[in-house]
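# Close look at the chain arrangement
This is what each chain is made of:
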Amino acid sequence: MSSRTSLTVWALIVLLSSETGEAAILTFTNVEAGADYAAADNWDLSRVPTGTDDAVVGGAGTTRSAVHSTSSGFTAHDLWVGAGAGGVGSLTLDGGAGTLIFDGGTWPNGVHIGRDGGSGTVTINAGGLISTNGDIGLGSKDGGAGNSGSTGEVVFAGQTMA
């Protein structure tokens, strides 16, 4: 799938979402100092993703970094970190922060880190939690040619693995 096709698919998803009043794709813009995931002003629709929304940190052609450090947890449909051609994203979960839950219940739900030509990193510091009932994809692509070069990484910082 070419970058143009990927962009068309994303645009179609946004159009259908706005028409039906269902899920929205919220893109992290980081306009507020501190890269705070929990700050509504840091999202393009001026609200933090919830319920059926998809959260995108570092979409096609952008570089974004978000930090989740507040005690409040959040639930959304999907998380995309570094998604789309040239997209570079990172998300850091600090210890003591509320759990980020991505619980879509329908395919392709879950956590996507480095997708469709993007590069993403999720860092989970000691005590940080992320949860999904779906897949966790690292450096994956959505079929077709032209999507190579996706990279995804999860870093467990200060964690004890049992």
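Computed from a predicted structure; not experimentally measured.

A few words on the side chain of Asp53. Note that Asp53 resides in the loop between strand S1 (25–27) and strand S2 (54–57). In terms of polar contacts, Asp53 uses its side chain to reach the backbone amide nitrogen of Ala24, at 3.2 Å. Within polar-contact distance, the side chain of Asp53 engages the side chain of Arg47 at 2.4 Å. Every residue in contact with Asp53, bar those within four places of it in the chain, is listed here: Ala23, Ala24, Leu26, Arg47, Ala76, His77 and Asp78.

Let us look at the nonpolar core. Judged by nonpolar contacts, the single largest core of 22 residues is most densely connected at Tyr37, Trp43, Leu79, Leu91, Leu100, Phe102 and Val122. Secondary structure elements with two or more residues in this core: S2, strand S4 (74–76), strand S5 (78–83), strand S6 (88–93), strand S7 (100–102), strand S8 (110–115) and strand S9 (119–125). Not counting residues within four places of it along the chain, the set of residues in contact with Trp43 comprises Leu26, Thr27, Phe28, Thr29, Tyr37, Val48, Pro49, Ala55, Val56 and Val57.

This next bit is on the pattern of salt bridges. Counted by the stated rule, this structure contains two salt bridges. Residue Asp53 is joined to Arg47 by a salt bridge in which the shortest nitrogen-to-oxygen separation is 2.4 Å. Taking the relative accessible area as the measure of exposure, Asp53 reaches 4% and is therefore buried. According to the relative accessible area criterion, Arg47 is partly exposed, its value standing at 32%.

With that settled, consider the packing of aromatic side chains. The final tally for this structure, using the stated rule, is three aromatic pairs. Between Phe28 and Trp43, the ring centres sit 5.1 Å apart and the planes meet at 75°, which makes this aromatic pair edge-to-face. On the criterion of sequence distance, the pair formed by Phe28 in the loop between S1 and S2 and Trp43 in the loop between S1 and S2 is long-range, its members being 15 residues apart. Across the pair, Trp43 and Phe28 agree in class, each one buried. Considering the side-chain rings of Tyr37 and Phe74, the 5.9 Å spacing of their centres and the 55° angle between planes classify their relative orientation as tilted. In this pair, Tyr37 sits in the loop between S1 and S2 while Phe74 sits in strand S4, placing the two residues 37 residues apart along the sequence. Residue Tyr37 shares its accessibility class with Phe74, and that shared class is buried. Within the aromatic cluster, the residues linked to one another by ring pairs are Phe28, Tyr37, Trp43 and Phe74.

Before going further, it helps to spend a moment on the sheet that holds S2. Judged by pairing direction, the sheet is parallel, and its five strands sit side by side in the order S1-S2-S5-S8-S11 without closing on themselves. Both edges of this open sheet fall to S1 and strand S11 (135–140), since each of them pairs with a single strand only. The average undirected angle you get between the axes of adjacent strands in this sheet is 15°. When S1 meets S2, the two strands line up parallel, connected through three bridges. For Leu26, the partnering residue across the bridge sits in S2 and is Ala55.

Definitions and limits used
- Residues numbered from 1 in each chain as written.
- Predicted model: local features only at pLDDT ≥ 70, side-chain atom pairs only at ≥ 80, totals over all residues.
- Heavy atoms only, no water.
- Helix = DSSP H or I, 4+ residues; strand = E, 2+ residues; numbered from the N terminus.
- Polar contact = N/O pair within 3.5 Å; in protein donor to acceptor, adjacent residues only side chain to side chain.
- Contact = heavy atoms within 4.5 Å.
- Core = buried A, V, L, I, M, F, W, Y, C linked by side-chain atoms within 4.5 Å.
- Buried < 20%, exposed > 50% of the residue type's maximum accessible area, 1.4 Å probe, protein only.
- Salt bridge = Lys/Arg side-chain N within 4 Å of Asp/Glu carboxyl O.
- Phe/Tyr/Trp six-rings, centres within 6.5 Å; stacked < 30°, edge-to-face > 60°.
- Pairing = 2+ DSSP bridges.
- Axes fitted to C-alpha atoms, helices over the stretch in contact; angles between N-to-C directions.

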